[in-house]
Number of protein chains: 2
Amino acid sequence: MTDKTTDTRQQILEAAVERIMHYGYAKTTMAEIARDCGMSAGNIYRFFSSKIDIAEAMARKLNTEINQKNAALARGPGSAPDKMRAFHMQAMHTTFNKLDSDAKVLEVAEVLSNERPTFANEEMAQERVYLVQILEQGIAEGAFAPMDNPNFVAEMMQSATMKFRYPQLWSRLTLPKLERELNGVMDLLLAGLSVPIRVTESVSAE
Amino acid sequence: MTDKTTDTRQQILEAAVERIMHYGYAKTTMAEIARDCGMSAGNIYRFFSSKIDIAEAMARKLNTEINQKNAALARGPGSAPDKMRAFHMQAMHTTFNKLDSDAKVLEVAEVLSNERPTFANEEMAQERVYLVQILEQGIAEGAFAPMDNPNFVAEMMQSATMKFRYPQLWSRLTLPKLERELNGVMDLLLAGLSVPIRVTESVSAE
DNA sequence: AGTCTGAATGATCAACAAATGGTTCAATAT
DNA sequence: ATATTGAACCATTTGTTGATCATTCAGACT
């Protein structure tokens, strides 16, 4: 399990995280990471096929923590509507604080979304797993009306709360104002979930 | 009413629109606009206090048309929920087509949102006037539950549909996919509007 | 007086040169 | 054979210098 290869991969990743968090992605060079690990730059390519791959691995690691928090929340106690609200509130707070405290994370996020467009989609899909759990709990408890396709509804919840994902990119609102807005939007959405939804046939089905 | 000053202002604005639409904002110089009007660059400043002011006037003019379409839609026939859906669908289509057809408009929009941050807010507020009209019609007809503060609810509708305002900035979705998503979100929101909303007290009131 | 110009100013931009840094790979070490 | 290096390659970035352009304003024109 703990073979040398994964060990070295780990070491490289740690060195990269250290530097990237301190100096940023662009300012961190492969040569520096290599020096920190006592190897040559070329050798890194036996463990990661590119610099952006290191960033992706780093982001995956960070997201593991978030996913665990989300899993705990989805599985934990409380009514489904409360959990749904808390879920989105937590997501907003997490990104708000991350972007607020160190801009280095933002830089990595931007580079990743440019170079690895599918990565963000994966994360969204993962998040939906937990949203669907909450939705299903709500249906079972009678708080939400039954629905054909919980995953689609989860996607709609994500769409409707998009503004609160990258708060400081859209608006220069303060956290309290964002909280009030998100609560307002959640009021509407949760009310919507409590009622059987008349599904619209697409204007232009594809 | 038609004094010379406003005439000249109009002439400058038209010349600017012509050039900006053709060559873009950055590539259009004050000297060129002045030449088109048969005057010196310095003289423009007797009519507009800066280049960005010209762009703002231009955007105001464009938005007048949009506002008229919105007013017509809000006042026109149809049930409130249908109109609410059509309203947001129209907004999405308008920006999608604008950004798709000529990137020049996007450039002006970007410069404006940087240099005149309050301008976009004004537009949003104007749009809300029409949203409130639709909401009030819906309440009168019984399609929407009564609400304390229609303007706040209109704001929430705007927040929840933010993703569909600048479609190509967020996602690389095609128009049909965006339509389906927006319809899904509207299904949720309209269902929410049909039910009396339990208003949440802010987690951290400010 | 009120209008307008064109030169002066300073900030931003473009273009080109130099250096940097991601990536590859033939040679070397183990 | 496998692991590692370091020089070489080329794309991107950085630094520098010379325009260009928005903006101002002292004076000219009416």
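Residues numbered from 1 in each chain as written. Chains lettered and ligands numbered in written order. Predicted model: local features only at pLDDT ≥ 70, side-chain atom pairs only at ≥ 80, totals over all residues.

Caption draft 1: Spatial organisation of the overall build of chain A. Along the backbone of chain A there are 10 helices and zero strands. Along the chain direction, N to C, the helices and strands of chain A fall in the order α-α-α-α-α-α-α-α-α-α. Counting the 206 residues in chain A, one finds 28% classified as buried. Restricting to contacts in chain A with at least 6 residues of sequence separation, those with at least 24 account for 65%. (Helix = DSSP H or I, 4+ residues; strand = E, 2+ residues; numbered from the N terminus. Buried ≥ 20, exposed ≤ 12 C-beta atoms within 10 Å, placed from the backbone. Contact = placed C-beta atoms within 7 Å.)

Caption draft 2: Layout of the protein's contact with DNA strand D. Around DNA strand D sit 13 residues in total, of which Met-39 and Gly-42 of chain A together with Thr-29, Gly-42 and Ser-50 of chain B are the nearest. Broken down by secondary-structure element, the contributors of at least two residues to the surface near DNA strand D are helix 3 (41-44) of chain A together with helix 2 (30-36) and helix 3 (41-44) of chain B. (Near = placed C-beta within 6 Å.)

Caption draft 3: Seen up close, the protein's contact with DNA strand C. Taken together, 13 residues surround DNA strand C, and among them Thr-29, Met-30, Gly-42 and Ser-50 of chain A together with Gly-42 of chain B come closest. In terms of residue class, the surface near DNA strand C is made up of five nonpolar, six polar and two charged. (Nonpolar A, V, L, I, M, F, W, Y, C, P; charged D, E, K, R; others polar.)

Caption draft 4: Spotlight on the nonpolar core. In terms of nonpolar packing, the biggest core is built from 52 residues, with Leu-189 of chain A together with Leu-189 of chain B touching the most fellow members. Broken down by secondary-structure element, the contributors of at least two residues to this core are helix 5 (80-101), helix 7 (117-141), helix 8 (150-160) and helix 10 (175-193) of chain A together with helix 5 (80-101), helix 7 (117-141), helix 8 (150-160) and helix 10 (175-193) of chain B. Beyond its immediate sequence surroundings of up to four residues, Leu-189 of chain A is in contact with Met-157 and Ala-160 of chain A together with Leu-188 and Gly-192 of chain B. (Core = buried A, V, L, I, M, F, W, Y, C linked by C-beta atoms within 7 Å.)

Caption draft 5: Spatial organisation of the confidence of the model for chain A. Residue and element names in this part refer to chain A. Averaged over all residues, the pLDDT of chain A equals 91, while 94% of them reach at least 70. The secondary structure element of chain A with the lowest average pLDDT is helix 9 (residues 167-170), at 73, and the one with the highest is helix 8, at 97. Note that pLDDT drops below 50 for residues 201-206; the model gives that stretch nine contacts with residues more than four away or on any other chain. (pLDDT = per-residue confidence, 0-100.)

Caption draft 6: The packing of helix 4 (residues 51-75) of chain B against helix 6 (residues 103-115) of chain B, seen in detail. Residue and element names in this part refer to chain B. Running from N to C, helix 4 and helix 6 cross one another at 115°; their axes reach a closest spacing of 10 Å. The two elements helix 4 and helix 6 cross, and the hand of that crossing is left-handed. For the pair formed by helix 4 and helix 6, the contact residues are Ile-52, Ala-55, Glu-56, Met-58 and Ala-59 on the first element and Val-108, Val-111, Leu-112 and Glu-115 on the second. (Axes fitted to C-alpha atoms, helices over the stretch in contact; angles between N-to-C directions. Left-handed = near helix turned anticlockwise from the far one by under 90°.)

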